[in-house]
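Here is how the chains run, residue by residue.
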Amino acid sequence: RPACSLAPAARASAWRRASEMASLMEDQAAGLRRLFARGGAPAHIAFAGAGGRAALIAGLARGLAGAGKEVVVVDERGGGDGVAAAFGIAPRFDLLQAANGDIAASRVLHRPEAAIRLVPAARAARACQGDDVAQRRRVAESLRRMQQGADYVLLDAAARGEGGGGDELSPLHPEADRLVLVVAA
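Chains are numbered independently. Their residues run from 1 in the order of the written sequence. Totals for whole chains, interfaces and linings use every residue, but because this is a predicted model, local features are given only for residues with pLDDT of at least 70 and side-chain atom pairs only at 80 or more, for both listing and counting. With hydrogens and water stripped out, all remaining heavy atoms of the structure feed into the side-chain values.

If you tally the helices and strands in the protein, you get seven helices and six strands. Listing every helix and strand of the protein by position from the N terminus yields α-β-α-β-α-α-α-β-β-α-α-β-β. Summary of the burial criterion: residues with accessible area below 20% of their type's maximum are buried, those above 50% are exposed, and those between are partly exposed, where the area comes from a 1.4 Å probe applied to protein chains only. Among the 185 residues that make up the protein, the fraction classed as buried is 39%. Here a residue-residue contact requires only that any non-hydrogen atoms of the pair lie within 4.5 Å. Expressed as a percentage of contacts within the protein between residues at least 6 apart in sequence, the contacts between residues at least 24 apart total 76%. The protein chains shown are the only cover counted for residues, whose accessible areas, like all others here, come from Shrake-Rupley with a 1.4 Å probe. Of the roughly 10400 Å² of accessible surface on the protein, a fraction of 55% belongs to carbon and sulfur atoms. Numbered from the N terminus, helices here are DSSP runs of H or I no shorter than four residues, and strands are runs of E no shorter than two.

Have a look at this one:
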């Protein structure tokens, strides 16, 4: 039956339900807009778990870059299993060297594709697992500068004993916004 043929009480009830549904849709849309319109700080997403995640991270970086987002990938693992290898890069320098002032940060930062910046950081992750607070601050500041202007920071976290320490997932990003745990099938 059309709404105009309903009794006045039923019409009012139908109107309230429609208004509540419209309000719910507006709230969901507003939430999505807030999620994707992150002002200032980039979203940090850490990846941990089974091997083979480097290709997943590289693919996600490419997808985000293809969607117009600026992405920084921090490779704590390095070597043949790291994200740098997934991009076909064999880095010569590490974030630690830039943090210590041994080389310019521009020599550490790679651009494997448009809108993607890669930061090799295996040595930095190992160096930061100790108690040297000054070292951790230098590395954190160097990494912060390299992340400027990024929409997303994807972290390939080193396994414990490779660079992680304490209760943190990563000494370079102790508090990621999201964690992706990759498991082997």
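For the rest of this paragraph, the subject is the confidence of the model for the protein. For the protein, the mean per-residue pLDDT works out to 80, and 71% of the residues sit at or above 70. The quantity called pLDDT is the predictor's confidence in a given residue, expressed from 0 to 100. When pLDDT is averaged over each helix and strand of the protein, the minimum, 60, is found for helix α1 (residues 8-36) and the maximum, 97, for strand β4 (residues 116-120). Across residues 162-167, where pLDDT falls below 50, the model places 16 contacts with residues more than four positions away in sequence or in other chains.

Salt bridges are identified by distance alone: a Lys or Arg side-chain nitrogen within 4 Å of an Asp or Glu carboxyl oxygen. Throughout the structure, instances matching the rule amount to seven salt bridges. Between Arg144 and Glu141 there is a salt bridge, with its nearest N and O atoms 2.4 Å apart. Taken together, the residues span about one helical turn, with Arg144 and Glu141 both in helix α7 (residues 133-147) at a distance of three residues. If you follow the salt bridges from partner to partner, you end up with Arg53, Arg77 and Asp156 in one network.

Only strands that DSSP links by at least two bridges are regarded as paired with each other. What the six strands build is an open sheet, ordered β3-β4-β2-β5-β1-β6; its pairing is mixed. Strands with a single pairing partner mark the edges of an open sheet, and in this sheet they are β3 (110-113) and β6 (178-182). Here the strands of the sheet are splayed against their neighbours by 25° on average, with no regard to which way each runs. Contacts between helix α2 (residues 53-66) and the sheet are confined to β1 (43-49), β2 (71-75), β3, β4, β5 (152-156) and β6, with β5 contributing the most and set at about 170° to the helix. Along the sheet face, α7 touches β1, β2, β4 and β5 and points at about 165° away from the line of β4. Axis angles are defined between N-to-C directions and span 0 to 180 degrees, where every axis is a line fitted to C-alpha atoms and, for a helix, only to the segment in contact.

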